[in-house]
Amino acid sequence: MRQILVCVFCFVFSFSFSQDKTHTSYVDVNYFRGNIALHNNEILHLIKGHPEGVILAWNKKTYGFQDWEQRFNYPDYGVSLTYQNMKNDVLGNNIALYAHYNFYFLKRHLMFRIGQGLSYNTNPYDIDTNFKNVAFGSTFGSSTYVMLNYKKERIIDRFGLQAGFSLVHYSNANVKSPNNGTNSITFNLGVTYNLDDTDIEYQYTLDKQADRDFSEPLKYNLVFRSGINESDVVGSGQYAMYVISAYADKRINKSSAFQLGTDVFFSNFLKELIYYQSVAFPNKGLSGDEDHKRIGVFAGHELFINKTSLITQLGYYVYYPFDFEGRTYFRIGLKRYISKKWFGSLTLKSHGAKAEGVEFGLGIRL
């Protein structure tokens, strides 16, 4: 843990000494304490005590020198590190590293942060030594956290205060079972420290009317996605999944586009699950030869933030030969435009609150 903190501080200060005149930066440290939410009865035996931890973050301020910064009310972006003591020897402790954005409201006193990253668990599930840990089936996983803080900077010289609430989620997105995950609802109290003497004046050059009037003709997207996952049957094995998506999108302004398209899913873990259920549960009437492929149609939205965008999609299986977690599905994640046409993506596909897998994608928009 000490080496990680040293690396983060070196990263922070190397950035603070190499800034240009269009940004400043600050660090904040937040202590949090709260409760693990009972989102699944299978983790009831794991909820003990009040988990607590620390969130350390480096933030780069924007002042509107690029249009997207003005469009989103001058957000911050940066990296953050969390350490959480789960207050349970079975669960172990979690360390996670994130990329995050801060968005501001109420004259910049209310800050909403969302971070996505990778987590490390110190005591994951083991069939022999830690079979009670049905929350974390692997050492490494994914983590998301959101924070809503009231903040006041530069109360005393460069120091400020902030306080609010955070939700911290850990899981491995069904890369390996078990994967019930945890959601911690916490109160946090923190200190901010500006790394620069003064802030920069905000720019107000954006033509908001031109932003609202902007549109594009229909664009056509083709995406190939892949990843690995496992069914809820512990020890059933990890298998590759492949998804081919084709959709059209219509951009209605600089920030938003609506989508309509189709997905074809080749989820190889379902082959094993179909065979397993045909043998273990003969009363279900499965032959074991049912098709594991699925086809869905979806509608979605894309929120453009600089070269990165947030996508949200709601889908329905029109070809559904094997019943698995219901006919509706969700996808949420990030796209990063490599050029005007090519993009990469990182998305989570789920059925309600039940994750099916993380998808790494490469696509083209024409």
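Here goes a summary of the coordinates provided. Everything quoted here is computed from the prediction, not taken from an experiment.

1. Some words on the side chain of E302
Moving on, step 1. Along the chain, the position of E302 falls in strand β12 (residues 293-305).
Moving on, step 2. Side-chain polar atoms of E302 contact the side chain of S309, separated by 2.7 Å.
Moving on, step 3. Among all residues touching E302, those that are not within four sequence positions of it are S255, S256, A257, Q259, S309, L310, I311, K335 and Y337.

2. Some thoughts on the nonpolar core
Moving on, step 1. Ranked by internal contacts, the top residues of the largest apolar core, which has 19 residues, are L46, L91, Y98, F136, Y145 and Y170.
Moving on, step 2. Counting only elements with at least two residues in this core, the list comes to β1 (24-36), β4 (93-105), β6 (140-156) and β7 (159-171).
Moving on, step 3. Here L91 is in contact with I36, L46, M86, N121, N123, N133, A135 and F136, once residues within four sequence places are set aside.
Moving on, step 4. Listed in part, the 12 residues of the second largest apolar core include V223, Y247, Y317 and F343.

3. Remarks on the sheet that holds β4
Moving on, step 1. The strand order β1-β2-β3-β4-β5-β6-β7-β8 describes a closed barrel built from eight strands, whose pairing is antiparallel. Direction aside, neighbouring strands of the sheet carry axes that sit 25 degrees apart on average.
Moving on, step 2. Across 12 bridges, β4 lies against strand β5 (residues 110-121) in antiparallel orientation. Across the sheet, the residue bridging to A96 is S119, located in β5.

4. Here's the deal with the pairing of β4
Moving on, step 1. Pairing analysis gives 10 bridges linking strand β3 (residues 76-85) to β4, with the strands arranged antiparallel. Considered in β4, the bridge of Q84 is made with N94.
Moving on, step 2. In sequence, β4 turns back onto β5 through a hairpin of four residues, with L106 there showing a positive phi of about 50 degrees.

5. Here we look at helix α4 (residues 269-280)
Moving on, step 1. For α4, with 12 residues, the first-to-last C-alpha span of 16 Å sits near the 16 Å given by 1.5 Å per residue.
Moving on, step 2. Those residues of α4 that are buried are in contact with β9 (219-229), β10 (239-251), β11 (256-267), β12 and β16 (354-365).

6. A look at the sheet that holds β11
Moving on, step 1. Spatially, β9-β10-β11-β12-β13-β14-β15-β16 is the arrangement adopted by the eight strands of the closed barrel, whose pairing is antiparallel. Neighbour-to-neighbour, the strand axes of this sheet turn through a mean angle of 25 degrees, independent of strand direction.
Moving on, step 2. The strands touched by α4 are β9, β10, β11, β12 and β16; relative to β11, the strand with the most contacts, the crossing angle is about 50 degrees.

7. Brief notes about the environment of T82
Moving on, step 1. Relative to the assigned elements, T82 resides in strand β3.
Moving on, step 2. Setting aside chain neighbours within four positions, we find T82 in contact with V54, I55, N94, I95, A96, Y98 and Y170.
Moving on, step 3. For T82, the side chain forms a polar contact with the side chain of Y98, separated by 3.3 Å.

8. Details of the pattern of salt bridges
Moving on, step 1. Applying the stated criterion across every chain, the model contains 20 salt bridges.
Moving on, step 2. For the salt bridge of E216 with R365, the shortest nitrogen-to-oxygen distance reads 3.0 Å. Here E216, found in the loop between α3 (208-213) and β9, pairs with R365, found in strand β16; they are 149 residues apart in sequence, far enough to count as distant.
Moving on, step 3. Judged by relative accessible area, which is 17%, E216 ranks as buried.
Moving on, step 4. In this structure, E356 engages R294 in a salt bridge whose closest nitrogen and oxygen atoms are separated by 2.7 Å.

9. Points about the packing of aromatic side chains
Moving on, step 1. In this structure the tally under the stated criterion is 23 aromatic pairs.
Moving on, step 2. Ring centres of F304 and Y337 lie 6.3 Å apart, and the angle between their planes is 25 degrees; on these two criteria the pair is classed as stacked. Residue F304 is located in strand β12, and its partner Y337 is located in strand β14 (residues 328-337); the two are separated by 33 residues in the primary sequence. Note on accessibility: F304 and Y337 belong to one class, buried.
Moving on, step 3. By way of ring pairs, the aromatic residues W68, F72, Y77, Y101 and F103 are connected into one cluster.
Moving on, step 4. The ring of F304 is capped by R251, whose NZ or CZ atom sits 3.8 Å from the centre of that ring.
Moving on, step 5. The ring of F265 has K349 lying over it, and the distance from NZ or CZ to the ring centre is 3.7 Å.

10. Points about unusual backbone geometry
Moving on, step 1. Look at the link from S177 to P178: it is a cis peptide, with omega at 0 degrees.
Moving on, step 2. Take P178: it is sitting in the loop between β7 and β8 (182-194).
Moving on, step 3. Within the chain, N73 stands out as a residue other than glycine whose phi angle is a positive 60 degrees.
Moving on, step 4. The phi angle at A173 is positive, at roughly 55 degrees, despite the residue not being glycine.
Moving on, step 5. The exposure class assigned to A173 is buried, which follows from its relative accessible area of 1%.

Reading the values: rules and limits
- Residues numbered from 1 in each chain as written.
- Predicted model: local features only at pLDDT ≥ 70, side-chain atom pairs only at ≥ 80, totals over all residues.
- Heavy atoms only, no water.
- Helix = DSSP H or I, 4+ residues; strand = E, 2+ residues; numbered from the N terminus.
- Polar contact = N/O pair within 3.5 Å; in protein donor to acceptor, adjacent residues only side chain to side chain.
- Contact = heavy atoms within 4.5 Å.
- Core = buried A, V, L, I, M, F, W, Y, C linked by side-chain atoms within 4.5 Å.
- Buried < 20%, exposed > 50% of the residue type's maximum accessible area, 1.4 Å probe, protein only.
- Pairing = 2+ DSSP bridges.
- Axes fitted to C-alpha atoms, helices over the stretch in contact; angles between N-to-C directions.
- Expected span 1.5 Å × (residues − 1).
- Salt bridge = Lys/Arg side-chain N within 4 Å of Asp/Glu carboxyl O.
- Phe/Tyr/Trp six-rings, centres within 6.5 Å; stacked < 30°, edge-to-face > 60°.
- Lys NZ or Arg CZ within 6 Å of the ring centre and 35° of its normal.

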